[in-house]
Amino acid sequence: MTKLQIKEKIVLNKYVIKRIGLAILTIFIISLITFFTMNAIPGGPFDSEKATTPQVKAALEKRYNLDRPITEQYVLYMGNLLHGDWGVSIKTGREIWPTMSQSFGISAQLGGVAILVSLIFGIILGCISALTRNTLPDRLIVFFTTLMTSMPSFVLATLLLYLFCIKLGWIQVWSASSHNYILPIISLALYPMAYITRLTKTSMLDVLGQDYVRTAKAKGVATWKVIFKHTLRNALIPVITYVGPEIAYIITGSLVVENIFTIGGLGQKFVNSITNRDYTMIMATTLFLAIIMVIANLLTDIAYKVIDPRITLD
Amino acid sequence: MSNYILEVNNLQTSFFTDSGEVKAVNGVSFNLERGKTLGIVGESGSGKSVTAYSIMQILADTGKIVDGEVLYNGEDITKWNNKQMAGFRGKKCSIIFQDPMTSLNPTFSIGSQITEAVLLHTDRTKKQAKERAIEMLTLVGVNEPEKRLKQYPHELSGGMRQRVMIAMALACEPDILIADEPTTALDVTIQAQILELIQDLQKRLGMAVVMVTHDLGVIADMCDEIIVMYGGSVCERGTADDIFYKPHHEYTKGLLRSIPSTARMKERLVPIGGTPINLLNMPKGCAFCARCDSAMKVCLTEVPQELPISETHFASCWLNVKAQYEAENGGSQDE
Amino acid sequence: MSNENKMPKKNILSAQIDLSKFELATEEEKRQQDVMSESTTFFKDGMKRLRKNPLAMVSIVILILLLAVILISPKVVPYSYQDIITIDGVRDKTAKNLAPFQYSKMEQRYMAKGEKVFPHIFGTDEMSRDYFIRVVYGTRVSLTVGMFASVIVLIIGLIYGSISGYAGGRVDLIMMRIVDIIYSLPDLLMIILLSVVLGDVLGDKIQNTIFAKLGANMLSLFIVFGLLYWVSMARLIRGQILSIKSNDYVLASKAIGTKSGRIIRTHILPNCLSVIIISIALQIPSAIFTESYLSFLGLGVQAPMPSLGSLANAARSGLTSYPYKLFFPSMAIVLIVLAFNLLGDGLRDAFDPKLKK
């Protein structure tokens, strides 16, 4: 490796360490905010008066060390978290972690497919849009994406529900069979897909205007090869940076979408816990989802730096 | 087979923008002999780069060759399809650009960019292409060529990058090399090196060179023939001697006058008055008339035709017509 | 003297050449040839380009119409958003879930007597309230929340970003670190959390303040907006200032002795203005999105005040029988957000000089 390449590796490593540090700090701050705001509720979240049954009340008192000072409670709580003990629901008395992880599995599947769908279709449509600029295909795509980015996921979800389940009756409202995933996936994926389409288009156009694309053409590279080999690689770099925020969008979107389509994922559980004021559940879920979002952003940022070879030595 | 490797006849290229048609190249003609060097001199907006891009047909989407022909070995390449042009570019005729930093793909290694050119146009295997790349890098004076193959553009200095561009352009031994302001983005000391390199390679490989520049100093040594462009048209053409010592166009004269010279250090610099031409709104007559101190009424309304001054020297200026008329009819009109 | 067939032409003069043409051209005549493009200010230039953009113009029209409707309707439509419809002073319980332009039994009897009843343009809801006026009020709330939130974001972001950008050095470094941390906090989760908590904490305490109508949830929305959402704006402003600060014309200005304040006013702020306007145009729909999302989760404005999100949520239960109750608020949301997005895009295209062809 050349001296310069070694230098760049060091800069990259420094960046990764800095970024991980920031992520840990963020999670720490979130945990503080979550814990202490929850405890601002009169009587505290673990107030045994809010418990539903005497058994739950007993379980609570055993688990949460309610007689200790609040800062100690926090430390103990966080310690438990790291050992996999996320507490008990004050409504059901059940362990939170199994409920959470199992329902998250469902949400993750849904979200994962939605992300894939949005990426694949978004990139393809974005390329088409860039290459057929200002002609009919482009105009249609622009119209479609503008509309989609103006539609909140719940609006889309409810409309789809009405159209396909009630009016047309093509798809049954959620039952165990798998093809009922289609509507929730579309509801979740459409907005990110539209965003990715626009992003890809802008990026492609930007790259197509670059000098090195002209050089490739001047070397005699065939047009389609110029596009796929020389431009796409560079154009997709900004799209990667969107995946982190997209995961955040899908998580928040799933709260409503799972509700509307009555899918038993973590999103629905979370909304229920809000409605029922199941404070321990709210706290645990908020923290859990926040951690996922922070990690997603972290991985995206690092991936971006690794892929873009123009690492600045700053 | 014609004498000339390249003939450009009455080339007209325009860009069709939202604001209207920009006539970047407005009737440019020149010929290039095998192994010789042609210099195209002009300021920004003169159409010199667009002329080069028109030959290679690498204009931006809004640009189009509206009229005229470009003959390569007697064949009109403006009529060629994409496939034929792809075989022309990089193989028969190559171009190097002004800014090697932006002209090289930042995500590909130097080696892959050079070998791409080789693999496209020749039958070499990947291994042979790599060897060819090393050969070319050595030829252009890049040290440690094996190491360089794996490096990326941002790891090299400006001069080094330009050498890489030249290596890439000459890898398939083209008949013509077009150099579009190859030294403008480089330091002065490197400039001389690159120009020397181009001249040296030309002698070795026997290719014809078109040197596009705004810098009079660059072309003085190198060129067998020089054309001066302004506002999309050719003002004057001739040998270096003709242009520098016997300029016959007001624009050329203005250019030469505006060069600071150590011989005339105490005198004020003499710029060319006025502002550069607006290509959206061209005058009916000579492109330079608005800035010309000696402009006549005819200059405003009629485009001057090219008049021979000598066997090698031609200029498009009504003043020459006037002078010739007066010479033929004895004395000036004021009598 | 016809030598046209010889190349090159030796003598291009023909007998008809007008020798007067060889006279020197006057300055006048030369100036006529020298047509430069009109110079305009940046603002005028941008506005001209905006006017050429049909989508942006249509959005402006739509927004103006919308504004007109929501301002005029309460004066024209005789129904209240919270009270049950009354006929002759008697509560009309039969006016539940009427379809658009349908009349209840009581109203029909009333009309048979020869009295006029204002039509229910969007029908009524399950509490016998006129739906049209509720959607109108919902729109008002959404728009108000959107604008108010954007203003908060603008003020904080502008001040923070300007200080950070103009001060530079260590101050800038620290300020930006703080921004980095805040940026990585998940905003919606924080809003949800805060809403849940504030709802219980404040409860009755805000009863007699202006927040009573909107509710504690909206208060938490504004608080979180003020705490978290301004960071993008701050970064944007700071970026603008940094790039302008290092521009040559600012350097030139400093070199001739211009004071800092004047530099900020004449050079920096006008350039930021376009960025600010575009940001606001795009921030408003984002705030409306957030508000309707929260309302949909049941964390929205305090009932009986409607918001488009809460209306849409309430419509879910009667979806099979009364689909229109979902459509109207949903369409309203989409329309507003779409209009602002198109306007924002149009503004960006018009005022971003880099995109000029």
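Conventions adopted
Residues numbered from 1 in each chain as written. Chains lettered and ligands numbered in written order. Predicted model: local features only at pLDDT ≥ 70, side-chain atom pairs only at ≥ 80, totals over all residues. Heavy atoms only, no water. Helix = DSSP H or I, 4+ residues; strand = E, 2+ residues; numbered from the N terminus. Buried < 20%, exposed > 50% of the residue type's maximum accessible area, 1.4 Å probe, protein only. Contact = heavy atoms within 4.5 Å. Areas by Shrake-Rupley, 256 points an atom, 1.4 Å probe, with all protein chains shown as cover. Axes fitted to C-alpha atoms, helices over the stretch in contact; angles between N-to-C directions. Left-handed = near helix turned anticlockwise from the far one by under 90°. Nonpolar A, V, L, I, M, F, W, Y, C, P; charged D, E, K, R; others polar. Phe/Tyr/Trp six-rings, centres within 6.5 Å; stacked < 30°, edge-to-face > 60°. Lys NZ or Arg CZ within 6 Å of the ring centre and 35° of its normal. Disulfide = S-S within 2.5 Å. Parallel < 35°, antiparallel > 145°, perpendicular 65-115°, else oblique. 1 Å grid on protein atoms, 1.4 Å probe; cavity = no way out; pocket = protein on both sides within 12 Å on 5 of 7 lines; lining within 4 Å. Points joined across faces, edges and corners; volume = space filled by probe spheres on them. Pairing = 2+ DSSP bridges. Buried area = accessible area lost by both parts, 1.4 Å probe. Salt bridge = Lys/Arg side-chain N within 4 Å of Asp/Glu carboxyl O.

Asks: Is there a simple way to explain the overall build of chain A in this structure?
Replies: Summing up its helical and strand segments, chain A has 12 helices and 0 strands in all. The linear arrangement of helices and strands in chain A, starting from the amino end, is α-α-α-α-α-α-α-α-α-α-α-α. For chain A, with 314 residues in total, the buried portion stands at 50%. Contacts spanning at least 24 positions in sequence make up 73% of the contacts within chain A whose residues lie at least 6 apart. Approximately 14,300 Å² of chain A is accessible, and the part contributed by carbon and sulfur atoms is 67%.

Asks: Even after reading the chapter, I still don't get the overall build of chain C, so can you show me in this structure?
Replies: Secondary structure assignment for chain C yields 13 helices and 2 strands. Relative to its full complement of 357 residues, chain C shows a buried share of 47%. In the form shown here, chain C has an accessible surface area of approximately 18,700 Å², with 62% of it arising from carbon and sulfur atoms.

Asks: I would appreciate a short explanation of the packing of helix 5 (residues 131–167) of chain C against helix 13 (residues 324–351) of chain C in the present structure.
Replies: Geometry of a packed helix pair, given as the angle between the helix axes and the separation of the axes. All names here are of chain C. Where helix 5 contacts helix 13, the two axes come as close as 11 Å, and the packing angle between them is 30°. In this structure, helix 5 meets helix 13 at a crossing whose hand is right-handed. Here Y131, V135, T139, L143 and M147 of helix 5 come into contact with helix 13, specifically with K325, F328, P329, A332, I336 and F340. Grouping the amino acids of the contact of helix 5 with helix 13 by side-chain chemistry returns 9 nonpolar, 1 polar and 1 charged.

Asks: I keep staring at the packing of aromatic side chains and nothing clicks. Help me out?
Replies: Aromatic ring pairs are described here by two measures, namely the spacing of the ring centres and the angle between the planes. One pass over the structure, following the stated rule, counts 19 aromatic pairs over all chains. With a centroid separation of 6.0 Å and 80° between ring planes, the pair formed by A:W97 and A:F288 is classed as edge-to-face. Note that A:W97 is positioned in helix 4 (residues 96–131) and A:F288 in helix 12 (residues 279–307), a separation of 191 residues in sequence. Looking at A:F288, the relative accessible area reads 11%, which means it is buried. Both rings, one in A:Y191 and one in C:F289, keep their centres 6.1 Å apart while their planes meet at 55°; by these two values the pair is tilted. One end of the pair, A:Y191, is in helix 7 (residues 182–208); the other, C:F289, is in helix 11 (residues 260–296), on a second chain. Since its relative accessible area comes to 18%, A:Y191 is described here as buried. Using a relative accessible area of 16% as the deciding quantity, one classes C:F289 as buried. Feature note: the residues C:F122, C:F132, C:Y324 and C:F328 constitute an aromatic cluster, connected by ring pairs. Positioned above the aromatic ring of B:F97, the side-chain terminus of A:R214 is 4.2 Å from the ring centre.

Asks: I'm lost on the state of the cysteines in this one. Help?
Replies: Joining two cysteines, a disulfide is a covalent bond between their sulfur atoms. Residue and element names in this part refer to chain B. Across all of its chains, the model carries 0 disulfides over all chains by this definition. Of the cysteine sulfurs around C289, a residue in no disulfide, the closest is that of C286, at 6.0 Å. Under the relative-accessibility criterion, C289 is labelled buried at 1%. Cysteine C317 shares no disulfide, and the gap to the nearest cysteine sulfur, in C299, comes to 6.2 Å.

Asks: Teacher, can you tell me more about the packing of helix 10 (residues 237–260) of chain A against helix 11 (residues 266–275) of chain A here?
Replies: All names here are of chain A. Across the interface, helix 10 lies against helix 11 with an axial gap of 7 Å and an inter-helix angle of 90°. Classified by the angle their axes make, helix 10 and helix 11 are roughly perpendicular. Residue-level inspection shows S254, L255, E258 and N259 of helix 10 in contact with helix 11, the latter providing L266, G267, Q268, F270 and V271. Of the residues that constitute the contact of helix 10 with helix 11, the class distribution is 4 nonpolar, 4 polar and 1 charged.

Asks: Any chance you could explain the layout of surface pockets here in plain terms?
Replies: Think of a ball as big as a water molecule: rolled over the atoms, this probe shows where empty space is left. Residues and elements named next belong to chain B. Put simply, the second largest pocket is a space of about 1,300 Å³. In terms of lining residues, the second largest pocket is bounded by 44 residues, among which S29, F30, R237, E306 and F314 are the most central. Put simply, the parts of the chain that give the lining of the second largest pocket at least two residues each are strand 1 (4–17), strand 2 (20–33), strand 3 (37–41), strand 9 (225–230) and strand 10 (233–238). Take the lining of the second largest pocket: its biggest share by element is 7 residues, from strand 2. Partitioned by chemical class, the residues of the lining of the second largest pocket number 19 nonpolar, 16 polar and 9 charged.

Asks: Any chance you could explain the sheet that holds strand 7 (residues 176–180) of chain B here in plain terms?
Replies: Note: strands within a sheet are paired through backbone hydrogen bonds, in either parallel or antiparallel orientation. Residues and elements named next belong to chain B. The strand order across the open sheet formed by 8 strands is 6-7-8-3-9-10-12-11, and the pairing between neighbours is mixed. Across the chains shown, the open sheet's two edge strands, defined by having one partner strand only, are strand 6 (93–96) and strand 11 (307–308). Relative to strand 10, strand 9 runs antiparallel, the two sharing 5 bridges. In the strand pairing of strand 10, Y230 is matched with S233. The sheet strands contacting helix 7 (residues 158–170) are strand 6 and strand 7, and the helix crosses strand 6 at an angle near 170°.

Asks: Looking at this model, I keep getting lost on the interface of chain A and chain C. Mind explaining?
Replies: By a widespread convention, an interface's size corresponds to the accessible area lost as its parts come together. Of the residues lining the interface, 45 residues belong to chain A; the matching set on chain C comes to 38 residues. Taken over both partners, the interface formed by chain A and chain C buries close to 3,600 Å², and the fraction arising from carbon and sulfur atoms is 80%. In terms of surface lost to chain C, no three residues of chain A exceed A:S150, A:F154 and A:Y162, which account for 16% of the buried area on that side. Remark: the boundary between chain A and chain C carries 1 salt bridge. Between A:R198 and C:D345 there is a salt bridge whose closest N-O contact spans 2.5 Å.

Asks: It is not clear to me how the pattern of salt bridges should be interpreted in this structure. Could you clarify?
Replies: Close approach of charged atoms lets side chains of opposite charge pair. Under the defined criterion, the tally for this structure stands at 19 salt bridges over all chains. Here A:D301 ties to A:R19 by a salt bridge, and the two come within 2.5 Å at their closest N and O atoms. Separated by 282 residues along the polypeptide, A:D301 in helix 12 and A:R19 in helix 1 (residues 3–38) bring together distant segments of the chain. Judged by relative accessible area, A:R19 falls into the buried class, the value being 12%. Each of the salt bridges in this network shares a partner with another, and the network as a whole consists of A:K219, A:K229 and B:E116.

Asks: Teacher, can you tell me more about the pairing of strand 1 of chain B here?
Replies: Moving residue by residue along a regular strand, the side chains alternate between the two faces of the sheet. All names here are of chain B. In this structure, strand 1 lies alongside strand 2, joined through 11 bridges in antiparallel fashion. Residue S14 lies in a different strand from strand 2, and its bridge partner there is K23. Pairing geometry for strand 1 and strand 4 (residues 63–72), over 8 bridges, is antiparallel. The residue of strand 4 that forms the bridge with L6 is Y72.

Asks: Honestly, empty space enclosed by the protein in this entry has me stumped. Any pointers?
Replies: One pass over the structure, following the stated rule, counts 8 cavities of 30 Å³ or more. What lines the second largest cavity is simply A:T215, A:A218, A:K219, B:G90, B:S94, B:I95, B:A117, B:H121, B:M165, B:M168 and B:A169. Elements that contribute at least two residues to the lining of the second largest cavity include exactly helix 8 (211–219) of chain A together with strand 6, helix 4 (110–121) and helix 7 of chain B. Taken together, the residues that form the lining of the second largest cavity break down as 6 nonpolar, 4 polar and 1 charged.

Asks: Looking at this structure, how should I read the side chain of C:K325?
Replies: Residues and elements named next belong to chain C. Looking at where K325 falls in the secondary structure, it is placed in helix 13. Take K325: its relative accessible area is 6%, and that puts it in the buried class. With residues near it in sequence (within four places) discarded, K325 still touches N97, T124, D125, E126, Y131, L311 and A315.

Asks: Please explain unusual backbone geometry as it appears in this structure.
Replies: Glycine aside, the phi torsion of most residues is negative, and most peptide linkages are trans. All names here are of chain B. The backbone of E173 shows a phi angle near 50°, a positive value even though the residue is not glycine. Relative to the assigned elements, E173 resides in the loop between helix 7 and strand 7. With phi around 50°, E181 is a residue other than glycine that occupies positive phi space. As for its placement among the helices and strands, E181 is situated in the loop between strand 7 and helix 8 (188–205).

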